[in-house]
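Next come the chains, spelled out residue by residue.
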Amino acid sequence: MSNTKTVVTTCTRDCPNTCGLLATVENGRLVSLKGDPNHPYTLGTTCVKAARYINRVYSKERVTHPMIRKNGEWRRATWDEAFDLIAERMKTIRDESGPEAILYYQGYGERTALKLLNRYFFNLFGGVTTLRGSLCGGTGQASQNLDFGERISHDPLDHYNSASMVLWARNPVSTNISLVPVIRDIKKRGGRIVLIDPVKTRSAALADLHITPKPGRDVYLAMATAKLILALGAQDAEFVEKHAVGFDKYVEILARYSVMELCSLADVPMDQVVSLADVFMSQRPTSILLGWGLHRHKSAHLSIRAIDALGAIAGIIGVPGGGVSQGFEEYGPYDQSYWGDELNPPRRTLLMPVIGDELLGTDDPPIRMIYVTASNPVCMAPNSDKVAEGFRKAEFVVYSGHFMDDTSDYADVFLPATTFLEEEDVMATYGHNWVGPVNRAIPPVGECRSEFDMFQGLAERLDFADRFRREAKAWIKDVCAPIWKQGCTPEQLRTGAFRLDAPMAPYEDKTFPTPSGKFQFMTEFDPAEVNGADDMFPYKLITCAPHGYICSERTIADHEPLPVIRLHPDEAARRGLENGSVVLVSSKQGQVRATLQTVEGMRRDVAAADRGGWLKAGHGLNLLTKDLASTVGMGTPYYETTVSVERCPEDEFLGLRILVVQNQERTVPAFLGKELTRLGAVLDICMPFAGDPLPETPEDFDGLVVLGGAQNAFDDENYAYFTLLMRLMRAFDAQGKPVAGICLGCQLLSRAWGGEPFSCGGLEYGFTELSLTEAGKADPVLGGPLPRLMEFHEDSFIPPANAVPLVEGEFCRNQCFRIGKASYGFQFHFEIDSKIIELWIQRFRSQQMGNYNKYSELYDDAFFETMEAELPLLLTGSQAFCSRVAANWLRLCAKRRSEAQ
Ligand code: SF4
């Protein structure tokens, strides 16, 4: 009988929606993650990323036990080993260089109540170097603090009072889904939705008007709109006179420009500015919601302050249904004394937006150790190469996370963290006014531990254990004391969200916590700050939040072969680039290969892409971005980066055409296919089992890959195309064009050259130790160490007479051979990724593997548990091997092509 339960919890990911969730668990396993209809704001809505999160929790790439790296090799470790090593290194570094030689890098991955205690831990230790500044919304908050005294946003439900709404660089469809019903309600009531964004996001479909200003020039658009309202005498004179200061000086700034000039500087047609002004004047109140893209310019404060000023002039400040709303203080509801900063004299901080420079340049003491939680800075911080160099410089790096991502590549210790579904905590948010329960739905996967438990374990080894070691519940009670003071109890919060004591519409009394007690207009404006952008390259690079992922939360297998770069079709045509072609995106900082997508409705001076892809998967867009800090708020102006987009210059691999023969639907080229594509090859997939005709000759191709399949290699009766395929393999080789056969493909290659497939009389399944022969060690394709590789076959082959054996195994001797001019047979599956292996494990365990079902009882739960625990390392080894073989094999294809030319 199945045992099912549903747990109320809260999404803790880096997303302003912070949804109430219902996690359904069957027999201890999470089976669904849906919106909680009882959450007062999110009301059961969630995004596409919610359901997908289950895959993340159980991903075969997830690291589920601690690991220590020595001499470049990861090995599995116990928690005690990991804690002992970390505590000992921390103490040594503190004794030798002082605590500031340690950097605690706390990311935004999760911002729960218990996460406050991470810094408390380091403060009890003596106060280490921490971070200042932000990769996210710091500029907006700092700018609004200048105007309002304190940034306080309208409750999202207050927007039901809005007559119209302006989404200023905000994309709720992808990043704030619970705003969508509010927007639909406004539209239903006859209101207008204006989207202001240089990129055509999914939210454009909701907008009545989409304005696409030049990136970073929103300040001029806001000024032009304000000037029009003032010109018509439609401003909120009472607010301006009684509740604001600096208006006269702001008007002087406006007076320097005509509306026409401002439109031209913003690169927005005058009629659109007139329409925007008309929305403010005729649809009262209109609310403005600021997005995070707006912050990503060096002088973003000028745009944000000009938008605040527009709000004041339009009469929407302190008005229900109005406001200029940016975000909420996610750590606000907690007792912030638990950061513990007052325990020490102020300690050194490093500036987050330029963390690469900071790590490389910091001395006295230099950073000797970095401890990272909930972040992937090598991927997400600008100028990735420099960040990586900074991490390389540190002698000891501890990484707490879920996956072997770009930052983990620089770690010495990997601490596997739980997800929020395995934790007990409390979650506030930067997107609304509700605080929610984080209730444990499932036990920790593998040996994973929460960050809280990790710091508890470390504290046991340090001299402040008595001040830090307590139950999570006791800490939550203390850290959340301000919430209990508002009338909620810890027990009540476990059952659902609680609305914090915050206004629906802030500043209704029109008093502001500024020095003047009034709203403060910006009174200084230097156009050089806005116009002085680096225009070395023609396109501003806009790296948007993707629809399907939060930041870098993905796996290697999730990545397409190349990132997509979007350009206006006319720009692509001007450069002779076709939609879908492989292009080179270059900036002063670096270069990335990408697939071009042309998009109507985009600005012509913008190249847009989704952010968050990993460097190691070829998607590292922060290899391109410039590292500098914004003028106000220490934010990260990613969008100051300009790029060129050009046809990829000819190199040895570019444009090589590889025929890939697939022998069954589910056995795809996987990681090998992606690697070949990343290197520049074009793959033509042929599925003869499904009726695709095989090419008669190799003329149109530079190489041939034949994949595996469940068929017997001698089953010509049922697979008549085998004869043609073997003939084709020989024809490729006759022309010196390389062939690679994998598993079934290997057996067919053997047959094609006179070898003989046979049944092993058993199954070889799982990652297996293999060894290189002497010829294998010297082989130009294999060259280098051999990791354990995945086997899944019951047939083998007697190699053809002239074959050169390259790899041998114990159960099945012939594992890889070379024959002819450049033909290789690989019995093992070096092409796999985590998705394929997941499918194979799941189908094998559930007896869905046809002929192979008879073997399933030979492999018990313990076999799979061991294999799954090792998978992140096994896949890393297999994929490193695959990358090497793909490049070497493709080099043979390239050599043949150049010799033929
Ligand atoms: S990622 Fe955002 S929208 Fe999606 S479930 Fe989590 S909080 Fe909700």
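- The name an unreviewed UniProt entry assigns to the chain is Molybdopterin oxidoreductase, from the organism Oceanidesulfovibrio marinus.
- As stated in UniProt under Sequence similarities (unreviewed entry), the record for the chain gives "Belongs to the prokaryotic molybdopterin-containing oxidoreductase family."

A closer look at helix H4 (residues 138-148)
Step number 1: Every buried residue belonging to H4 is among Gly138, Thr139, Gly140, Ser143, Gln144, Asp147 and Phe148, and all of these are buried.
Step number 2: Considering only its buried residues, H4 is in contact with strand E12 (286-290), helix H12 (300-314), strand E13 (324-325) and strand E21 (519-520).
Step number 3: Of the residues trailing H4, Gly149 is marked for its positive phi of about 90°.

Some details on the nonpolar core
Step number 1: Formed by 60 residues in total, the largest nonpolar core has its most connected members in Trp168, Leu221, Tyr250, Phe280, Ile288, Phe521 and Phe525.
Step number 2: With near-sequence residues (within four places) excluded, Phe521 lies in contact with Val240, Ala244, Val245, Gly246, Phe247, Tyr250, Arg305, Ala309, Ala312 and Ile313.
Step number 3: If you look at the next biggest cluster of nonpolar residues, it comprises 53 residues, including Tyr338, Trp339, Val426 and Ile476.

Focus: empty space enclosed by the protein
Step number 1: Inspection of every chain in the model, using the stated rule, returns eight cavities of 30 Å³ or more.
Step number 2: Empty space within the largest cavity amounts to approximately 160 Å³.
Step number 3: Forming the boundary of the largest cavity are 20 residues, of which Cys11, Cys15, Asn17, Cys19 and Cys47 lie nearest the centre.
Step number 4: Of all the secondary structure elements, the ones that give two or more residues to the lining of the largest cavity are helix H1 (48-57) and helix H5 (172-175).
Step number 5: When residues in the lining of the largest cavity are grouped by element, the largest group, four residues, is from H5.
Step number 6: Looking at side-chain class alone, the lining of the largest cavity contains 12 nonpolar, six polar and two charged residues.

Side note on the site of the ligand
Step number 1: Neighbouring the ligand are Cys11, Cys15, Asn17, Thr18, Cys19, Cys47, Ala50, Ile177 and Ile550.
Step number 2: The pocket occupied by the ligand, as judged from atoms lying within 2 Å of grid points, is the largest cavity.
Step number 3: Per-class residue counts for the shell around the ligand are seven nonpolar, two polar and no charged.

Topic: the state of the cysteines
Step number 1: For the structure shown, the criterion picks out zero disulfides.
Step number 2: Of the cysteine sulfurs around Cys551, a residue in no disulfide, the closest is that of Cys136, at 7.5 Å.
Step number 3: Considering cysteine sulfurs only, Cys812 is the nearest to Cys760, which forms no disulfide, with 4.5 Å between them.
Step number 4: With relative accessibility at 25%, the residue Cys760 sits in the partly exposed group.

Considering the sheet that holds strand E28 (residues 657-661)
Step number 1: Strand order in the open sheet made by the eight strands is E29-E28-E30-E31-E37-E36-E35-E33, with mixed pairing throughout. Each end of this open sheet is capped by a strand with a single partner; those strands are strand E29 (682-686) and strand E33 (771-772).
Step number 2: With respect to the sheet, helix H23 (residues 670-679) is in contact with E29, strand E30 (703-706) and strand E31 (739-742), its orientation differing from that of E29 by roughly 145°.
Step number 3: Running at roughly 120° to E31, helix H25 (residues 744-752) makes contact with E30, E31, strand E36 (814-819) and strand E37 (823-826) of the sheet.

Calculation notes
- Residues numbered from 1 in each chain as written.
- Predicted model: local features only at pLDDT ≥ 70, side-chain atom pairs only at ≥ 80, totals over all residues.
- Heavy atoms only, no water.
- UniProt positions renumbered as here; feature names shortened; annotations may be inferred.
- Buried < 20%, exposed > 50% of the residue type's maximum accessible area, 1.4 Å probe, protein only.
- Helix = DSSP H or I, 4+ residues; strand = E, 2+ residues; numbered from the N terminus.
- Contact = heavy atoms within 4.5 Å.
- Core = buried A, V, L, I, M, F, W, Y, C linked by side-chain atoms within 4.5 Å.
- 1 Å grid on protein atoms, 1.4 Å probe; cavity = no way out; pocket = protein on both sides within 12 Å on 5 of 7 lines; lining within 4 Å.
- Points joined across faces, edges and corners; volume = space filled by probe spheres on them.
- Nonpolar A, V, L, I, M, F, W, Y, C, P; charged D, E, K, R; others polar.
- Near = heavy atom within 4 Å.
- Sits in = over half its atoms within 2 Å of the grid points.
- Disulfide = S-S within 2.5 Å.
- Pairing = 2+ DSSP bridges.
- Axes fitted to C-alpha atoms, helices over the stretch in contact; angles between N-to-C directions.

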